[in-house]
Amino acid sequence: MQKFTTFTDTAIPLGIENIDTDQIIPARFLKATDRKGFGDNVFRDWRYNKDNSINHDFVLNNDTYQGEILIAGHNFGCGSSREHAAWALAGYPFKVIISSFFADIFKGNALNNGLLPIEVSPTFLKKLLHEVTEKPKTSITINLEKQTISCSIGVESFEIDPYKKVCLLNGYDDIDFLISKKEQIEAFEASL
Amino acid sequence: MGKTLFDKVWDAHVVDEIPNGPQILYIDKHLIHEVTSPQAFAALAERNIPIARPDKTVATADHNTPTLNQHLPIQDPLSRSQLEQLTENCKKNNITLYGLGHKYNGIVHVMAPELGITQPGMSIVCGDSHTSTHGAFGSIAFGIGTSQVAQVFASQCLLLEKPKKMRITVNGTLKKGVLPKDVILYIIAQLGTNAGTGYFCEYAGEVFENMSMEGRMTVCNMSIEMGARGGMIAPDETTFNYVKGRKFAPKGEEFDQKVAYWKTLRTDDDAEFDQEYHFDASEISPMITYGTNPGMGIAINEKIPHQEDPSFKKSLAYMDFKAGDSLLNTPINYVFIGSCTNARIEDFRVVADYVKGKQKASNVHAWLVPGSREVVKQIEEEGLNKIFNEAGFQLRQPGCSACLAMNDDKIPEGEYCVSTSNRNFEGRQGQGARTILASPLVAAATAIEGKLIDVTKQLN
């Protein structure tokens with residue numbers, strides 16, 4: 001996994017609530033057996049019309065908004081556990097998703113793919129969505145070490161699991177850690 | 001302070017705790033399927049890591065399988081390749097596979113309980129969010145992503161923060177025509193789609209105590225639709241009787257010993273929850289959804305509420321419904337009875353009981369998709385297939401089918417589908433399809449009438 005330390009970019013505002021993983025990547029694209037190419041179909045049915053023409057009303061197709069930070073409404077990533085949703089977002093590419101609330105499984109999947117889900121207060125989210133929508137050039141900086149997100153509207157700190165933070169800062173993944181605990185796991189199994 | 005059912009099962013599986021970090025949780029049973037496993041197998045192969053416990057892993061093919069002509073080669077090359085990959089991965093790694101055509105094949109959350117693979121007190125995971133189903137047995141069961149599938153492959157463990165605890169108690173007696181599906185749709189409509197996020201939820205009270213195992217599975221199945229990682233119901237005589245005698249259930253003296261342990265898996269009187277809710281069974285009616293998330297539910301005879309929120313309006317626009325509308329008499333051309341929520345034998349008995357001697361409306365395509373080969377066998381043994389044929393319903397072969405429309409079972413654009421599945425998301429059942437979630441009884445009545453009706457009027 002790639003390391004994540006600090007990141008600065010402009011952002012794309014997508015203020016819809018309850019965006020489920022079926023919208024992020026529809027089931028018909030889950031037939032692949034590798035992790036590649038999902039970015040092409042992220043938000044497929046919102047980005048394209050039924051006849052595969054581009055839906056110009058959708059924010060990802062609006063050139064005014066650019067950047068690898070997505071700002072989304074409350075309860076982002078609910079529904080199916082498909083990690084393909086994290087692969088699709090990371091592949092698009094996004095590096096950071098900001099919302100006021102993330103669904104559990106999606107949050108874990110994102111962290112396991114170096115995609116940082118940042119949970120901010122509903123008030124900050126509202127202000128941020130407004131600011132970025134009005135001023136598309138707004139630059140946002142994320143500092144993982146300090147756990148802060150800063151831009152023209154101010155600085156907000158965010159929470160992250162301390163273990164996951166270490167993993168992201170160093171590019172470790174859970175498999176390395178679990179394998180290092182092999183003896184302990186085997187002893188536990190023997191006690192069952 | 002006492003322990004909750006969840007604490008008891010969770011704590012028994014903790015291998016170790018990282019200071020200021022997650023716990024290492026041991027997994028008793030890892031269920032896998034064709035869609036969320038290939039990248040995990042590949043991740044291990046790339047790093048030359050063997051599968052730690054193939055003997056604790058069971059595979060089935062369900063998400064991407066056809067529900068007609070399963071004996072023929074699969075037409076879609078991508079689907080075929082995904083299933084071939086699963087077969088190859090299981091063979092290479094010595095994992096038991098109940099693939100397409102196998103007598104134990106079926107939807108992972110239908111076939112595992114039926115075979116006695118699911119047992120009280122276990123920790124069970126699967127790369128599928130509806131793994132919460134197995135919590136009906138008093139096990140800790142939850143969906144995981146593919147990176148976590150790889151972690152379990154590599155170590156039979158997961159790194160997890162212990163979730164918070166919630167209890168939902170429903171006491172009283174359910175009205176006639178109110179099924180377990182209505183109970184969970186009601187709860188989600190009351191609490192919303194993210195009330196459970198960060199929690200494991202125990203369902204308690206008379207309603208769940210009096211429910212069959214099939215009903216309990218329907219309830220626990222949809223825990224994820226209110227955001228909860230898992231749902232649980234304390235195991236009791238109903239549970240033990242269901243498990244007893246099943247293919248992989250403990251036998252003889254071992255079974256008795258297990259039951260003695262399983263009986264301890266109850267929330268202590270002085271245990272505390274982080275969040276509690278209470279509902280009255282008599283308040284619950286047959287439910288339907290009108291929007292694009294499972295929390296947007298109303299009693300079948302209620303009207304769509306008014307809300308100013310843009311996400312709510314977007315949802316109604318997608319469904320082509322208006323605030324203040326009643327859905328009664330809405331013409332419906334598609335009815336889907338299936339999925340890991342409602343494709344067990346009891347669900348088909350409900351449908352058969354209602355449609356016996358009736359004919360489906362001529363405008364309706366009525367698809368019945370059993371959850372497993374075992375369910376198909378029972379349908380045939382009980383003669384339900386004859387009832388379905390005579391009523392004009394199409395009985396198909398097992399699989400996830402139109403619940404997520406990965407295979408060819410798609411609802412056409414713009415059409416409404418009254419569906420016993422679990423998600424009414426935009427496009428879930430096919431691009432542009434409009435899903436109305438309901439119980440098997442409401443779905444059966446819709447198929448007969450060709451429109452939504454208040455089924456309770458017929459029953460009273």
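The numbering scheme is per chain: residues are counted from 1 as the chain's sequence reads. Ligands are numbered from 1 and chains lettered from A, in the order in which they are written. Reporting in this predicted model follows two pLDDT cut-offs: at least 70 for local features of residues, and 80 or more for side-chain atom pairs to be given and counted; totals over whole chains, interfaces and linings ignore these cut-offs and use all residues. Heavy atoms throughout the structure, all of them, feed into the side-chain values; hydrogens and water do not.

### Brief notes about the packing of helix α12 (residues 345-355) of chain B against helix α13 (residues 373-381) of chain B
Residue and element names in this part refer to chain B.
Right, on to step 1. To obtain each axis, a line is fitted to C-alpha atoms, and for helices this fit is confined to the stretch in contact; angles are then taken between N-to-C directions over 0 to 180 degrees. Runs of H or I in DSSP of at least four residues are treated as helices and runs of E of at least two as strands, each being numbered from the N terminus. The interhelical angle for the contact between α12 and α13, taken along N-to-C directions, is 35°, at an axis separation of 10 Å. Of the two possible hands of crossing, α12 and α13 adopt the one that is right-handed. Here α12 contributes Ile-345, Phe-348 and Arg-349 to the contact with α13, which in turn contributes Val-375, Gln-378 and Ile-379.
Right, on to step 2. For this scheme, ten residues count as nonpolar: Ala, Val, Leu, Ile, Met, Phe, Trp, Tyr, Cys and Pro. Four count as charged, namely Asp, Glu, Lys and Arg, and the remainder, Gly too, count as polar. Class assignment for the residues of the contact of α12 with α13 results in 4 nonpolar, 1 polar and 1 charged. For a crossing to be left-handed, the near helix must be turned anticlockwise from the far one by less than a right angle; the clockwise case is right-handed. Contact criterion: two residues are considered in contact whenever any of their non-hydrogen atoms come within 4.5 Å of each other.

### Here's the deal with helix α2 (residues 38-46) of chain B
Along an α-helix, residues three or four positions apart point the same way, because every turn accommodates 3.6 residues.
Right, on to step 1. Any residue under 20% of the maximum accessible area for its type is buried, any over 50% is exposed, and the rest in between are partly exposed; the area is computed with a 1.4 Å probe on protein chains only. Of all the positions in α2 of chain B, only Pro-38, Gln-39, Ala-40, Phe-41, Ala-43 and Leu-44 of chain B are classed as buried.
Right, on to step 2. Where the residues of α2 of chain B are buried, they touch α3 (84-91) and α7 (174-180) of chain A together with β3 (29-32), α3 (77-93) and α5 (146-155) of chain B.
Right, on to step 3. The positive-phi residue at the C-terminal boundary of α2 of chain B is Asn-48 of chain B, with phi of around 55°.

### Brief notes about the pairing of strand β8 (residues 154-157) of chain A
Along a regular strand, successive side chains alternate from one face of the sheet to the other.
Residues and elements named next belong to chain A.
Right, on to step 1. As judged from the 4 bridges shared by strand β7 (residues 148-151) and β8, these two strands associate in the antiparallel manner. Residue Ile-149 lies in a different strand from β8, and its bridge partner there is Glu-156.
Right, on to step 2. Between any two strands, at least two bridges found by DSSP are needed for them to pair. Two successive antiparallel strands, β7 and β8, enclose a turn made up of 2 residues.

### Quick word on the domain arrangement of chain B
All names here are of chain B.
Right, on to step 1. Segmentation of chain B into domains returns domain 1 (5-275) and domain 2 (287-458).
Right, on to step 2. Where each domain begins and ends follows an automated or database-derived domain assignment. Distance between the C-alpha centres of domain 1 and domain 2: 24 Å.
Right, on to step 3. At the junction of the two partners, domain 1 supplies 43 residues and domain 2 supplies 44 residues.
Right, on to step 4. When domain 1 packs against domain 2, the two sides together hide about 3,500 Å² of surface, and 58% of this comes from carbon and sulfur.
Right, on to step 5. Three residues stand out in domain 1 for area buried against domain 2, namely Thr-67, Ile-107 and Lys-181, and they jointly supply 18% of the buried area on that side. Joining two parts hides part of their accessible area as seen by a 1.4 Å probe, and the buried area is that hidden amount summed over both.

### Some thoughts on the interface of chain B and chain A
Right, on to step 1. With 65 residues of chain B at the interface, the matching set in chain A holds 51 residues.
Right, on to step 2. Between chain B and chain A, roughly 4,700 Å² of surface is buried when both sides are summed, and carbon and sulfur atoms account for 57% of that area.
Right, on to step 3. Area buried by chain B at its contact with chain A is led by Gln-39, Arg-47 and Gln-431 of chain B, which between them contribute 13% of it.
Right, on to step 4. Each salt bridge in this description consists of a side-chain nitrogen of Lys or Arg and a carboxyl oxygen of Asp or Glu lying within 4 Å of one another. In this structure, the connection of chain B to chain A is made through 7 salt bridges.
Right, on to step 5. What qualifies as a polar contact is a pair of N or O atoms within 3.5 Å, subject to a donor-acceptor requirement within protein and to the restriction that residues adjacent in sequence count only when both atoms come from side chains. Where chain B touches chain A, the interface holds 29 residue pairs in polar contact (both at pLDDT 80 or more).
Right, on to step 6. For the side of chain B that touches chain A, the secondary structure elements donating two or more residues are β1 (14-17), β2 (23-26), α2, α3, α5, β8 (157-160) and α11 (310-319) of chain B.
Right, on to step 7. Ranked by residue count, the leading element in the side of chain B that touches chain A is α5 of chain B, at 7 residues.

### Notes on the side chain of Thr-36 of chain B
Right, on to step 1. Relative to the helices and strands, Thr-36 of chain B is located in the loop between β3 and α2.
Right, on to step 2. For Thr-36 of chain B, a relative accessible area of 7% gives the class buried.
Right, on to step 3. Discounting residues that sit within four places of it in the chain, Thr-36 of chain B has contacts with His-84 of chain A together with Gly-127, Thr-146 and Val-149 of chain B.

### Here we look at the state of the cysteines
Right, on to step 1. When two cysteine sulfur atoms are found within 2.5 Å, that pair is recorded as a disulfide. Considering all chains together, one arrives at 0 disulfides over all chains under this definition.
Right, on to step 2. The thiol of Cys-78 of chain A is not disulfide-bonded; the next cysteine sulfur, from Cys-403 of chain B, is found 15 Å away.
Right, on to step 3. Cysteine Cys-126 of chain B is unpaired, with the sulfur of Cys-400 of chain B as its nearest cysteine sulfur at 9.6 Å.

### Some points on the packing of α12 of chain B against helix α14 (residues 384-391) of chain B
All names here are of chain B.
Right, on to step 1. Axis separation between α12 and α14 bottoms out at 10 Å; the angle between their running directions is 45°. In terms of orientation, α12 and α14 fall into the oblique class. α12 and α14 meet at a crossing whose hand is left-handed. The residues of α14 that touch α12, namely those facing Ile-345, Phe-348, Arg-349, Val-351, Ala-352 and Val-355, are Leu-384, Ile-387, Phe-388 and Ala-391.
Right, on to step 2. Split by residue class, the contact of α12 with α14 holds 9 nonpolar, no polar and 1 charged. We call two directions roughly parallel when the angle between them is under 35 degrees, roughly antiparallel when it is over 145, roughly perpendicular when it lies between 65 and 115, and oblique otherwise.

### Remarks on the pairing of strand β5 (residues 116-119) of chain A
Residue and element names in this part refer to chain A.
Right, on to step 1. When strand β4 (residues 96-99) meets β5, the two strands line up parallel, connected through 4 bridges. Bridge assignment links Ile-97 to a residue of β5, and that residue is Pro-117.
Right, on to step 2. Taken together, β4, helix α4 (residues 104-111) and β5 constitute a β-α-β crossover, and its handedness is right-handed. The definition of a right-handed crossover adopted here requires that, viewed with the strands pointing away, the path from the first strand over the helix to the second runs clockwise.

### As for unusual backbone geometry
Right, on to step 1. With an omega dihedral of 10°, the bond running from Tyr-92 of chain A to Pro-93 of chain A counts as a cis peptide bond.
Right, on to step 2. Locating Pro-93 of chain A in the fold gives a position in the loop between α3 and β4.
Right, on to step 3. Its identity is not glycine, yet Asn-48 of chain B carries a phi of approximately 55°, on the positive side.
Right, on to step 4. Mapped onto the secondary structure, Asn-48 of chain B falls in the loop between α2 and β4 (57-60).
Right, on to step 5. Its relative accessible area of 72% is what places Asn-48 of chain B among the exposed residues.
Right, on to step 6. In this structure, Ser-401 of chain B takes a positive phi of about 55° despite not being glycine.
Right, on to step 7. Locating Ser-401 of chain B in the fold gives a position in the loop between β17 (394-395) and β18 (416-419).

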